[in-house]
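Close look at the chain arrangement
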Amino acid sequence: MTIQYKGQSRGFNYRIAEIFFDEDNAKETKLAERIANFLEKVEGYKVDCGIPSELIIVVENHDEYEELVKTYKEAKKMFRDCMKYGF
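As the structure is a prediction and not an experimental result, all values here were calculated from the model. Throughout this description, residue numbers start from 1 for each chain and increase along the sequence as written. Reporting in this predicted model follows two pLDDT cut-offs: at least 70 for local features of residues, and 80 or more for side-chain atom pairs to be given and counted; totals over whole chains, interfaces and linings ignore these cut-offs and use all residues. Heavy atoms throughout the structure, all of them, feed into the side-chain values; hydrogens and water do not.

Core analysis: the largest hydrophobic core is formed by 22 residues, its most contacted members being Met1, Ile3, Ile19, Leu39 and Leu68. We count a stretch as a helix when DSSP gives it H or I for four or more residues in a row; a strand needs E for two or more, and each element gets its number in order from the N terminus. Counting residues per element, the ones that place at least two in this core are strand S2 (15-20), helix H1 (26-41), strand S4 (54-59) and helix H2 (62-84). Residues contacting Ile3, with those up to four places away along its chain left out, are Ala17, Glu18, Ile19, Tyr65, Leu68, Val69 and Tyr72. Throughout, nonpolar core names a set of buried Ala, Val, Leu, Ile, Met, Phe, Trp, Tyr and Cys residues whose side chains join them through atoms within 4.5 Å. Residue exposure (1.4 Å probe, protein chains only): buried if accessible area is under 20% of the type maximum, exposed if over 50%, otherwise partly exposed. By definition in these notes, contact holds between two residues if any of their heavy atoms fall within 4.5 Å.

To get an axis, a line is fitted to the C-alpha atoms, and for a helix only the part in contact is used. The angle between two axes follows their N-to-C directions and goes from 0 to 180 degrees. Where H1 contacts H2, the axes come no closer than 10 Å and their chain directions differ by 130°. In terms of orientation, H1 and H2 fall into the oblique class. When the axes of H1 and H2 are compared, the crossing they make is right-handed. Together, Lys27, Lys30, Leu31, Arg34, Ile35, Phe38 and Leu39 of H1 and Leu68, Thr71, Tyr72, Ala75, Lys76, Met78, Phe79, Arg80, Cys82 and Met83 of H2 make up the contact between the two elements. Polarity classes work like this: nonpolar for Ala, Val, Leu, Ile, Met, Phe, Trp, Tyr, Cys and Pro, charged for Asp, Glu, Lys and Arg, and polar for all others, with Gly in that last group. A class-by-class count of the residues in the contact of H1 with H2 yields 11 nonpolar, one polar and five charged. Oblique is the label for every angle not falling under 35 degrees (roughly parallel), over 145 degrees (roughly antiparallel), or within 65 to 115 degrees (roughly perpendicular). Less than a right angle of anticlockwise turn of the near helix away from the far helix marks a crossing as left-handed, whereas a clockwise turn marks it as right-handed.

Attention shifts here to the packing of aromatic side chains. To pair, rings of Phe, Tyr and Trp, with the six-membered ring standing in for Trp, must have centres within 6.5 Å; the planes then decide the type, stacked if under 30 degrees apart, edge-to-face if over 60, and tilted in the middle. If you walk through the whole model with that rule in mind, you get three aromatic pairs. Ring geometry for Phe38 against Phe79: centres 6.0 Å apart, planes inclined by 80°, an arrangement best described as edge-to-face. Residue Phe38 is found in helix H1, and its partner Phe79 is found in helix H2; the two are separated by 41 residues along the sequence. Judged on exposure class, the residue Phe38 and its partner Phe79 are both buried.

With that settled, the discussion passes to the pairing of S4. Counting buried residues along S4, five of its six residues qualify, which places the element largely inside the surrounding structure. Bridge analysis of S2 against S4 gives six bridges, and the strand direction is antiparallel. Bridging from a neighbouring strand, Phe20 pairs with Glu54 of S4. Where strand S3 (residues 47-48) folds back onto S4 in an antiparallel hairpin, the turn is made up of five residues, including Ser53, whose phi is positive at roughly 70°. A strand pair is defined by DSSP finding two or more bridges across the two strands.

Here it is as structure tokens:
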């Protein structure tokens, strides 16, 4: 799984964070679903899951993206540990 920032450009008037995952890998897909639920329900982000193998989150600026990256990494580690022990 990777996360990247996409800033404003001509014809693209908003900033987003894109989280990419391998939809053919069942463990990674499950991890992405858990992270999306966590980001929406606990952290209050709006996560768009419309594109297969990608989660999209609108951010205000690069600073908010950096905060999201920290939260994403903590959630990813937490859920990987949970999955490792069968939760």
